[in-house]
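Below are the chains, spelled out letter by letter.
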Amino acid sequence: MKRYLPALAACLFMAAATLAAAAPAADVFPDLALEGAISPEQRQYLGVHDGDIRLSDINADFVFVEVFSMYCPICQHDAPGVNDMFARVLASDQAGKVRFVGVAAGNTPFEVAFYRKKFDVQFPLFEDPNYTAHKAVGNVGTPAYYLVDLRDRKRAILVFHEGEIKDKEAFLKNMLELIGK
């Protein structure tokens, strides 16, 4: 056992060094290509023109990103609560600072349209049929929620939550406090 300790220590040191080097990159949200058709009103809401959209094109200080799947039962369960958060942010004094978008991991345009209609989602939803965006965010479980700071265009992740938001009131309060700073 004693003769393996130096090798084990070296492996642990290398692993720690690798994780430390990768940590800053984990705090930056990727500049996703947002795929799919959205309405002219949704384009206006995002402040983007016709054509391709990247996350960095969104004209806002912050963006709330929901990574979901039409087939995810937690996503379906959370949809009314996320819709409520969206409505409450729109009605708040922070409405001009933040935009909501959804990225549908593995979902086609048909599946995104079905989800949008079934759950009456008013904010823009984008398809990700080949899991390109999903891979870019690290293959997170669905749902996953991010609050991304776009002010300095570095796309810093301020909030990350994977899974059901159990206390949506506290989550929204925290989000609005961060946006208000």
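Refer to the structure above for everything that follows.
First, a word on scope: everything that follows refers to the structure included in this document. Values in this document were obtained by computation on a predicted structure and should not be read as measured data.

Conventions adopted
- Residues numbered from 1 in each chain as written.
- Predicted model: local features only at pLDDT ≥ 70, side-chain atom pairs only at ≥ 80, totals over all residues.
- Heavy atoms only, no water.
- Phe/Tyr/Trp six-rings, centres within 6.5 Å; stacked < 30°, edge-to-face > 60°.
- Helix = DSSP H or I, 4+ residues; strand = E, 2+ residues; numbered from the N terminus.
- Expected span 1.5 Å × (residues − 1).
- Buried < 20%, exposed > 50% of the residue type's maximum accessible area, 1.4 Å probe, protein only.
- Arc of directions from axis to C-beta.
- Contact = heavy atoms within 4.5 Å.
- Bend = angle between axes of the 7 residues up to and from the residue.
- Polar contact = N/O pair within 3.5 Å; in protein donor to acceptor, adjacent residues only side chain to side chain.
- Pairing = 2+ DSSP bridges.
- Axes fitted to C-alpha atoms, helices over the stretch in contact; angles between N-to-C directions.

Any aromatic ring pair is given by two values, namely how distant the centres are and how the planes are angled relative to each other. Scanning the entire structure with this criterion turns up 12 aromatic pairs. Summarising the aromatic geometry, the rings of Phe100 and Phe123 are spaced 5.6 Å apart at their centres and angled 55° between planes, so their arrangement reads as tilted. Of this pair, Phe100 sits in strand S4 (residues 98–105) while Phe123 sits in the loop between helix H4 (109–118) and strand S5 (125–128); the two residues are 23 residues apart in sequence, bridging distant segments of the chain. With 4.9 Å between their ring centres and 45° between their planes, Tyr146 and Phe160 make a pair best called tilted. Taken together, the residues Tyr146 in strand S6 (residues 144–149) and Phe160 in strand S7 (residues 156–162) connect sequence positions 14 residues apart.

So, on to helix H6 (residues 168–180). With 13 residues, H6 extends 18 Å from end C-alpha to end C-alpha; this agrees with the ideal 18 Å at 1.5 Å per step. Those residues of H6 that sit buried are Phe171, Leu172, Met175, Leu178 and Ile179. Down the axis of H6, the sector holding all buried residues measures 125°, keeping them to one side. On the buried face of H6, the contacting elements are strand S3 (62–68), helix H3 (73–90), S4, S6 and S7.

Take H3 next. In this model H3 runs 26 Å from its N-terminal to its C-terminal C-alpha over 18 residues, within 8% of the 26 Å that 1.5 Å per residue would give. Most pronounced at Ala79, the bend in H3 amounts to some 45°, and the proline Pro80 follows within four residues. Inspection of H3 places Cys75, Asp78, Ala79, Gly81, Val82, Asn83, Met85, Phe86 and Val89 among the buried residues, and these make up the whole buried set. In this structure, the buried residues of H3 make contact with helix H2 (40–46), S3, S4, H4, S6 and H6.

Here the focus is the environment of Met175. The residue Met175 is located in helix H6 in this model. When the C-alpha atoms of Met175 and Leu147 are compared, they prove to be 7.5 Å apart, with 28 residues separating the residues in sequence.

Moving on, we come to the side chain of Asp149. Along the chain, Asp149 turns up in strand S6. Among the residues examined, Asp149 registers a relative accessible area of 9% and is labelled buried. There is a polar contact of 2.7 Å between the side chain of Asp149 and the side chain of Arg151. Leave out the neighbours within four places in its chain, and Asp149 touches Asp61, Phe62, Arg155, Ala156 and Leu158.

Pairing in this open sheet of 5 strands is mixed, and the strands run S5-S4-S3-S6-S7 from one edge to the other. At either end of the open sheet lies a strand with only one pairing partner, and these are S5 and S7. For this sheet, the mean inter-axis angle between neighbouring strands, taken without regard to orientation, is 20°. Pairing between S3 and S6: 6 bridges, direction antiparallel. By the bridge assignment, Glu66 is partnered in S6 with Tyr145. Relative to the sheet, H3 contacts S3, S4 and S6, its axis offset from that of S4 by approximately 160°.

This part covers unusual backbone geometry. Omega for the peptide link from Thr142 to Pro143 comes to -10°, which places this bond in the cis form. Position of Pro143 relative to the elements: it lies in the loop between helix H5 (132–136) and S6. The phi angle at Asn139 is positive, at roughly 55°, despite the residue not being glycine. Relative to the helices and strands, Asn139 is located in the loop between H5 and S6. The partly exposed category is assigned to Asn139, whose relative accessible area is 48%.

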